[in-house]
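Structure assessment
So you can see what is in the structure, the chains are spelled out below.
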Amino acid sequence: MIENFFKLCDCTRWKFVDSFFLFGKFIDFFLFGFPVTISTIVDLFRELGQVTPKNGDGQESSDYDTLQAYSNENPKSVMTNFINLFSEYREYTKLVSTYGDNLINKVKDGYLHGQFNQLGTDTGRLSSSSPNLQNIPAHGSGGEIRKCFVPDEGDVMVTSDMQAAEVRLAADFSGDKLLMASILEGVDMHSKLASVSFSIIFGTPFVVSKSTTPVEVNGIEVIPAELRDIHKSATFCKFYKGGPKRIYGVLSKYINLFHKKGAMKVAKAISDALDKELEGLSNYLDGTIAEANKTYKLRGKKLGRVRYFKKDAYGEAANFGIQNANAEAIKIAMINVDKYLTSNSCGRIVMSIHDELVCSVKKEYAEEAAKEIKKIMSESLGYFLVNLKGD
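Owing to the predicted nature of the structure, the values given are computational and were not obtained by experimental measurement.

1. A few points about the packing of aromatic side chains
Evaluated as defined, the whole model comprises eight aromatic pairs. On the numbers, 5.0 Å between centres and 85 degrees between planes, the contact of Phe202 with Phe206 is edge-to-face. By relative accessible area, which is 5% here, Phe202 ends up buried. Accessibility expressed as a relative area gives 11% for Phe206, which makes it buried.

This is how it looks when you write it as structure tokens:
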């Protein structure tokens, strides 16, 4: 498996050579795997007579978001192909460096013995290290790595996560009408909020849905389902009181496509509109931020974990209550799932990945265990809810 990743990475380097051979510049940085710095990338833009990429603060940068924004803003630039290749190059080299020999060398007796830390985060979440087993890729090229993790002989993997835990907690704590409706009535909040944002971007009413049928808007073809998926990040940044910059970072491709000037004004209009749609959540988060800046601390619900803040606390303070309850719920679930599996001698918890538990369970107990684990997970999340149930 790891050999394949090295081959992919080498192929990616050769793609750089093929794409930029005519320019005859900076090829060896990629061909021989030398460190690629910000100045290396920025110098390449300059050498090719292109405007250099700048982040939201106006500083030259080569991070992923900045390069993607540059590509969206300059679709006809010769650097667009470079940016796509460089992103691919980064993906493969990260896979090789993080999950290649580094991971294999930590295998003992066929197992990876990761370390889970109870005091590694401010929110109460368990963190993982040596190696970090919570960061194994689930999709894309890295998805192949997950296939290497298998249950004990005679067992099957049983995984369970707390469905829409953050949305449920946010809805329950804030009483936000749209969030509550999404849980209780099945209202598709992602389509509704995306419709608000893209109607502003397109300058005309537009309905986003799960449809994969292309729709033409002002001469440009878009797919509603793709718009919905892209917008999810914009929605969840509102759980941290994200503002226009965060919104622009998510939707810059379409904002720049339909608005040659005033992109940040459009982003602000979208941000304000989303705050209005999620008024209950916005007010709840404002209150949390105000309390953090007044008392310099916040206390989690039920179990009372305290987190201290410095002056001008914002996003982390806004989301602390929600994240803390989520973290405590999964730890309660771990204790009770472990008791169940141990008392019935039918399996064990393999790992915890945020609000997901992965268990190795004997085949003959798998169906029964899955039902019991689901029940335990639901009750654990439900412990922190008043108007909703866990799931």
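2. Comments concerning helix H16 (residues 366-382)
With 17 residues, H16 should cover 24 Å at 1.5 Å per step; its first-to-last C-alpha distance of 24 Å lies within 8% of that length. If you follow the buried residues of H16, they end up packed against strand E5 (155-161), helix H8 (165-174), helix H15 (315-343) and strand E11 (356-362).

3. Focus on the pattern of salt bridges
Under the counting rule described, the total for this entry stands at eleven salt bridges. For Lys241, the salt bridge is made with Asp286, and the minimal N-O distance between the two is 3.1 Å. In this pair, Lys241 sits in the loop between helix H11 (224-237) and helix H12 (244-258) while Asp286 sits in helix H14 (residues 279-295), placing the two residues 45 residues apart along the sequence. The class of Lys241 is buried, set by a relative accessible area of 9%. Lys331 serves as the salt-bridge partner of Glu328, at 3.4 Å between the closest nitrogen and oxygen. Of this pair, Glu328 and Lys331 both sit in helix H15, three residues apart, which is roughly one turn of that helix. Assigned by exposure class, Glu328 and Lys331 land together as buried. A single network of salt bridges, built from pairs that share partners, joins Asp122, Arg307 and Glu316.

Cut-off values and rules
Residues numbered from 1 in each chain as written. Predicted model: local features only at pLDDT ≥ 70, side-chain atom pairs only at ≥ 80, totals over all residues. Heavy atoms only, no water. Phe/Tyr/Trp six-rings, centres within 6.5 Å; stacked < 30°, edge-to-face > 60°. Buried < 20%, exposed > 50% of the residue type's maximum accessible area, 1.4 Å probe, protein only. Helix = DSSP H or I, 4+ residues; strand = E, 2+ residues; numbered from the N terminus. Expected span 1.5 Å × (residues − 1). Contact = heavy atoms within 4.5 Å. Salt bridge = Lys/Arg side-chain N within 4 Å of Asp/Glu carboxyl O.

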